[in-house]
Amino acid sequence: MEAKMATKHEQILQHIDRLPIGSKISVRQIAKDLDVSEGTAYRAIKEAETQGYVSTIERVGTVRIEKKQKENIERLTFAEVVNIVDGHVLGGREGLHKTLNKFVIGAMQLEAMMRYIDAGSLLIVGNRYQAHKIALQQGAAVLITGGFDTSDEMKQLADRLALPIISSSYDSFTVASMINRAIYDRLIKKEIVMVEDVLKPLAETPVLLTSDTVAKWHQYTELYQDTRFPVVDEQMRLIGIVTSKDIIGHDETATIDKVMTKNPITTSPRVSVASSAHMMVWEGIELLPVVDNYRKLVGVLSRNDVLKALQFTAKQPQMSETFPNLIMSHFREERQADELTYVGEVTPQMTNHLGTIASGIMTTVMVEAACNLLRHHRRGDMVPENVTVYFLKPVQMESQIQIKPRLLDIGRRYGKAEVSVYQGDQIVGQAMIAAQIIER
């Protein structure tokens, strides 16, 4: 019964994948066309959305879109723009799947505007009908700010050219900021290496069936120069894993299902490599099977794959900044002998509604300072495992503070530090941080 459901699920995903770009998708229609329950259809549509070839747009519905490659992650489809700016589509729905190359704010004369608008652009402008017309004729989509409408002639032209006209109640500056933020977030995601980027795919992964014998495991070890293999059933669902430890003491005629380790620890393709590395070190495992939502094997991740990926990311230039990086950019590092100190000012952005430093910001500063100190003593990635904040005092906006981490203990895999925060000579915060060290 379970295998049948998985097969139905795959059939729906294949059906959605074959639909033309821009097609509307409904749970009821999918259920009717493929003779499945609406619950099964809904789950498959959500899976397609997760995989990136379906998008749900407010007041439009669910639409088949073009699946973006990772290298184009900083680009957005017009369908995604609709969601970002809380907009609604006035015309040109057939073009929602198209990707915008750049956006132009129409705060200039029409003649000057024409120099900046080309195919694939998005013109952000108010209720200037002539500008709407020029943009569409140049192959660009239009985003009308201030909640304004456009003429029926423009809507018909947009439909004919399959170029969306979107209306948003926000002003031009806010809309541009929202789109910029979405692109910026995607650049951060682009830097984070995921399991799907580095795994050994199923086509290159040797697997054993539950009905295979120990003799076949011995053949595989000679053929593939490895001792760890995932075990699957006929539908390629992961059942277990078999290693040299499992084989010891068993006859060559014994079947794999009798000797394998059942229900092994697994990961998913959309998990970060750093998170998987943490799991592998913590559990002491060398091979991590990668499975989808239905436990079907997608590939495997070895410790070597993880180490190579972490070394690669360490050499990459930073393209964007995460919140911890932005917070720590306000502090300068000072070193005296073995003592490390961070000095900075509490900016308005770091405060809560009372005008004192927010507890989350204070905790972040202490954790980052501790991890940086540990990095000075041991090369690798620091993963905080325990943060105990046992003293906090309010610190006013624009106050100067010093963060002083002190090393308590460090080994090959773990480190511990105590962090004290001072305002002048007065202690205003203290915490204990324990971190796992993932060696590169």
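Scoring rules and cut-offs
Residues numbered from 1 in each chain as written. Predicted model: local features only at pLDDT ≥ 70, side-chain atom pairs only at ≥ 80, totals over all residues. Heavy atoms only, no water. Helix = DSSP H or I, 4+ residues; strand = E, 2+ residues; numbered from the N terminus. Buried < 20%, exposed > 50% of the residue type's maximum accessible area, 1.4 Å probe, protein only. Contact = heavy atoms within 4.5 Å. Pairing = 2+ DSSP bridges. Core = buried A, V, L, I, M, F, W, Y, C linked by side-chain atoms within 4.5 Å. Axes fitted to C-alpha atoms, helices over the stretch in contact; angles between N-to-C directions. Patch = residues over 30% accessible without salt bridge, like charges linked within 9 Å, V, L, I, M, F, W, Y side chains within 5 Å. Areas by Shrake-Rupley, 256 points an atom, 1.4 Å probe, with all protein chains shown as cover. Salt bridge = Lys/Arg side-chain N within 4 Å of Asp/Glu carboxyl O. Arc of directions from axis to C-beta. Expected span 1.5 Å × (residues − 1). Parallel < 35°, antiparallel > 145°, perpendicular 65-115°, else oblique. Nonpolar A, V, L, I, M, F, W, Y, C, P; charged D, E, K, R; others polar.

1. Comments concerning the overall build of the protein
1) Next: Counting its secondary structure elements, the protein contains 16 helices and 23 strands.
2) Next: If you line up the protein on its principal axes, its C-alpha atoms span 80 × 70 × 35 Å.
3) Next: For the protein, the residues scored as buried account for 44% of the 440 residues in total.
4) Next: When contacts within the protein are restricted to residue pairs at least 6 apart in sequence, those whose partners lie at least 24 apart make up 56%.

2. Overview of the sheet that holds strand β3 (residues 61-64)
1) Next: Taken in spatial order, the three strands line up as β1-β3-β2 in an open sheet, and their pairing is antiparallel. With one partner strand each, in any of the chains shown, β1 (24-25) and β2 (54-57) form the two edges of the open sheet.
2) Next: Looking at chain direction, β1 and β3 are connected through two bridges and run antiparallel. Paired with Ile-25 across the two strands is Thr-62, which belongs to β3.

3. Describing the environment of Ala-277
1) Next: Position of Ala-277 relative to the elements: it lies in helix α13 (residues 273-283).
2) Next: Overall, Ala-277 belongs to the buried group, its relative accessible area being 2%.
3) Next: Between the C-alpha atoms of Ala-277 and Leu-307, which are 30 residues apart in sequence, the distance is 8.2 Å.

4. Some points on the nonpolar core
1) Next: Within the largest apolar cluster, 31 residues are counted, with the highest numbers of intra-cluster contacts made by Phe-331, Ile-357, Ile-401 and Ile-403.
2) Next: When residues of this core are traced back to their parent elements, those giving at least two are α15 (323-328), β19 (339-345), α16 (359-377), β21 (400-410), β22 (414-423) and β23 (426-438).
3) Next: Considering each element in turn, this core owes the most residues, ten residues, to α16.
4) Next: When near neighbours in sequence (up to four residues on either side) are disregarded, Ile-401 contacts Phe-331, Tyr-342, Val-343, Gly-344, Val-346, Ile-357, Val-395, Val-421, Tyr-422 and Gln-423.
5) Next: Leu-76, Phe-78, Val-85 and Ile-124 belong to the second largest nonpolar core, which has 19 residues in total.

5. Notes on the sheet that holds strand β12 (residues 208-209)
1) Next: The strand order β12-β13-β14-β15 describes an open sheet built from four strands, whose pairing is mixed. Edge positions in the sheet fall to β12 and β15 (261-262), since each has one partner strand and no second.
2) Next: Judged from the two bridges that link them, strand β14 (residues 238-242) and β15 form a sheet pairing that is antiparallel. Across the sheet, Ile-241 pairs through a bridge with Thr-261, a residue of β15.
3) Next: Packing against the sheet, helix α10 (residues 214-224) makes contact with β12, β13 (229-232) and β14, and its axis sits at approximately 140 degrees to β13.

6. A few points about a nonpolar patch on the surface
1) Next: A cluster of nonpolar side chains, Val-387, Val-389 and Leu-392, forms an exposed patch at the surface whose accessible area comes to about 200 Å².
2) Next: Considering the arrangement of structural elements, one finds Val-389 in strand β20 (residues 381-392).
3) Next: Judged by relative accessible area, which is 33%, Val-389 ranks as partly exposed.

7. Some thoughts on α10
1) Next: Along α10, the residues classified as buried are Val-214, Trp-217, Tyr-220 and Thr-221. Taken down its axis, α10 places every buried residue within 105 degrees of arc, on the same side. Across α10 from its buried face, at more than 90 degrees, point the exposed residues Gln-219, Glu-222 and Leu-223.
2) Next: Looking at the buried residues of α10, the elements they touch are β12, β13, β14, α11 (244-247) and α12 (256-259).
3) Next: Remark: Gln-225 follows α10 within two positions and exhibits a positive phi of approximately 55 degrees.

8. What to know about helix α3 (residues 38-51)
1) Next: Under the 1.5 Å per step criterion, the end-to-end length of α3 is 20 Å for 14 residues, consistent within 8% with the ideal 20 Å.
2) Next: Within α3 the residues assigned to the buried category are Thr-40, Ala-41, Ala-44, Ile-45, Glu-47 and Ala-48. Across the axial projection of α3, the buried residues extend over an arc of 160 degrees, all falling on one side.
3) Next: At the C-terminal side of α3, Gly-52 shows a positive phi close to 95 degrees.

9. A short note on unusual backbone geometry
1) Next: Phi is positive for Asp-86, close to 50 degrees, though the residue is something other than glycine.
2) Next: Positive phi, close to 45 degrees, is recorded for Asn-263, a residue that is not glycine.
3) Next: With respect to the element layout, Asn-263 can be found in the loop between β15 and α13.
4) Next: Classification of Asn-263 by relative accessible area gives exposed; the value is 66%.

10. Notes on the packing of helix α6 (residues 129-137) against helix α7 (residues 152-161)
1) Next: It is the contact of α6 with α7, at a shortest axis distance of 10 Å, that shows an interaxial angle of 10 degrees. Relative to α7, the element α6 lies roughly parallel. Contact residues: α6 offers Tyr-129, His-132, Lys-133, Leu-136 and Gln-137, while α7 offers Glu-153, Met-154, Leu-157, Ala-158 and Leu-161.
2) Next: Looking at the contact of α6 with α7, its residues break down into six nonpolar, two polar and two charged.

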